[in-house]
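Take a look at the letters that make up each chain.
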Amino acid sequence: MTQIPLSDLVATLGPAVVRVVCAPTGLAHVAGNPEFFDTTDPTPTAPSALLLGIGLWVDAPQTRKAVHTAARNQAAALVVKSYGRPTTDLCDTARECGLAILDAEPDLPWPRLEALCAMVVRRDPGPPPAGLAQVPHGDLFSLANAVAAIVGGAVAIMDVSYVVLAYSSLQGQPIDDTRRRGILDRRVPADALESFLNPAVWRSGSVVRVRRPGDMDRLAVVIRAGSEVLGSMWVAVGAASSTGTSTADVDGVDPASAATLAEAAKLAALHMLSLRRHVAEEQVRRNEALRAVLDSGDDPGELEFPARLLALSWHGGSDYTQNRMLGLQVQDMVVLDAAMFGLSVATTLAGDHLYVMVPASSRHGGSGQAAAFAGHLVDRATASLRADLCVVLCGETDTPLGLRTDRTDSADALAHLARTGTRAGVTDIEDLRADLVLYRIARLVAQRPGLRSGVAQRIADHDAAKGSRYADSLRAYLGSFGDIAAAARALPVHQNTLRHRLRRAQELFAIDLARPEHLLLLWLELTAASVAPPRPQH
């Protein structure tokens, strides 16, 4: 079994993936393959295994018991997700047992973490070919130049979204029009996608030669971290192909070039992980800056203006943990999909709302890009998370103060939409201005007894005691602007039944539906009864 020092594993993954919470015996001991830790399975884990504590809560008694079990099995470390909870008790137990505890980034799915750990543990410890060893860590452009110099062809490195991350720039190496357009647009040209997505490339574990009519041949290798595909590397070699159809196979690949590209793919995986950590660190800074602006008005200078604020809510049930986990999944989806749109968003979770700041400058496509992104998120949440996503889209703002105002408005807008039964879709906040004013007046009525006559409470007490439905009938009538037919359909009851209820309501509760002031007061009090108090803004 391949093993590396635990210190090397932690350093390679970096603080954007894991951080050391407790290491009572240091990090010099070796770590082996990652294993998902099932506390109900009595089978001993392998010595020096890196145990991934999926499902363990740091403050639960079960987790402290798991620490004893992991130490007894001589595990290298136990990886948990604290989600910001205190780890004091867990560390006390770990010190007693002499076990290292690592805290994983909560937004990183467990399967992806397992793949990253496996890739780092199992990488070939031997020296890379000459010319590759001196490439600075995390510099994909230098790696592309080094590979181009060794193999003798122009190199391009791409991610799984067909975006060109880096390319070689050595003088004198021939290129074709497809490469030229790919570099200018920073992504695979649409007419070359079919060749780029050739299954023979992506299913192969070795270097493949790809021939496409009118283009130079390419040597292609997939970049993987464990079982996770991170991207691919392509080298333009030889003259333009004259074959009638696109092909991809392992024939015609020079063994020395294949060996260099195979090793370069391993290095590229580490470089891409380093780049991902850097991007993650930038994301953390942007997220913290947005939270500071929305909470206190402090502007750390990390945010890009002009911008638009999106406010998102989801239906995750009444269970706090389940709702919180769904919120983290939504946040992860937003950040990942923003990268596909070329957007550097900032996000922050507040209760069961997620606030997303989307740049609205012309280089990001302006304000229209934010609207398109909001619609995409609703569709993605339905397809990927099986969740209804409600999004409020605020207008463009140039200042942190504008963001704070938008947060207040959008939070009220989401509360209004939830009260009226809207669970999915994108709503422009400008379409809700009148509703927001009325919603806030109703909330003020709910908070101040002096603004109420008590009629709504008398109606509610009567309905509770007698089993009647006067409150529902009056809400339907007012909500339909006095249209008996529409109100009857909404309830649903016969129109004559509704007319009888309205007559009896006027007799019982001393209200006159012909007087505008009675209608307004009745609407405000009935609405106030269904309005939740404002939630703390944190």
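What comes next is a walk through the structure. The structure presented is a predicted model; accordingly, all values stated were derived computationally and were not measured. (Residues numbered from 1 in each chain as written. Predicted model: local features only at pLDDT ≥ 70, side-chain atom pairs only at ≥ 80, totals over all residues. Heavy atoms only, no water.)

### Side note on the packing of aromatic side chains
Link 1 in the chain: In this structure the tally under the stated criterion is five aromatic pairs.
Link 2 in the chain: Centre to centre, the rings of Trp57 and Tyr83 are 5.6 Å apart; their planes meet at 40°, and the pair counts as tilted. Of this pair, Trp57 sits in the loop between β5 (50-52) and α2 (61-72) while Tyr83 sits in the loop between β6 (77-80) and α3 (88-97), placing them 26 residues apart in sequence.
Link 3 in the chain: Centre to centre, the rings of Tyr470 and Phe509 are 5.8 Å apart; their planes meet at 75°, and the pair counts as edge-to-face. Taken together, the positions of Tyr470 in helix α15 (residues 470-479) and Phe509 in helix α17 (residues 495-509) put the pair 39 residues apart, joining distant regions of the chain. (Phe/Tyr/Trp six-rings, centres within 6.5 Å; stacked < 30°, edge-to-face > 60°. Helix = DSSP H or I, 4+ residues; strand = E, 2+ residues; numbered from the N terminus.)

### With respect to the sheet that holds strand β7 (residues 100-104)
Link 1 in the chain: Here we have five strands laid out as an open sheet, ordered β2-β7-β6-β5-β4, and mixed in their pairing. Strands at the two margins of the open sheet, each flanked by one partner only, are β2 (18-22) and β4 (34-36). The sheet shows a mean angle of 30° between the axes of neighbouring strands, taken without regard to direction.
Link 2 in the chain: Note: β4 against β5, three bridges, orientation parallel. Within β5, the position partnered with Phe36 by the bridge is Leu52. (Pairing = 2+ DSSP bridges. Axes fitted to C-alpha atoms, helices over the stretch in contact; angles between N-to-C directions.)

### Some thoughts on the nonpolar core
Link 1 in the chain: Counting residues in each nonpolar core, the largest one holds 54 residues, and the members touching the most others are Leu113, Leu143 and Met233.
Link 2 in the chain: Sorting elements by how many residues they give to this core places helix α9 (residues 255-296) first, with nine residues.
Link 3 in the chain: Those residues in contact with Leu143, other than ones at most four positions away along the chain, are Leu132, Val135, Ile157, Met233, Ala264, Leu267, Ala268 and His271.
Link 4 in the chain: Core analysis: the second largest hydrophobic core is formed by 25 residues, Leu343, Val356, Ala370 and Val378 among them. (Core = buried A, V, L, I, M, F, W, Y, C linked by side-chain atoms within 4.5 Å. Buried < 20%, exposed > 50% of the residue type's maximum accessible area, 1.4 Å probe, protein only. Contact = heavy atoms within 4.5 Å.)

### Observations regarding the pairing of β7
Link 1 in the chain: Along β7, five of the five residues are buried, which leaves the element largely enclosed by surrounding structure.
Link 2 in the chain: Burial along β7 is two-sided: Ala100, Leu102 and Ala104 and Ile101 and Asp103, pointing in opposite directions, are all buried.
Link 3 in the chain: Pairing of β2 with β7 involves four bridges; the strand directions are antiparallel. Following the sheet pairing, Val20 is matched in β7 by Leu102.
Link 4 in the chain: With respect to chirality, the unit in which β6 leads through α3 into the neighbouring parallel β7 is right-handed. (Right-handed = clockwise from strand over helix to strand, strands pointing away.)

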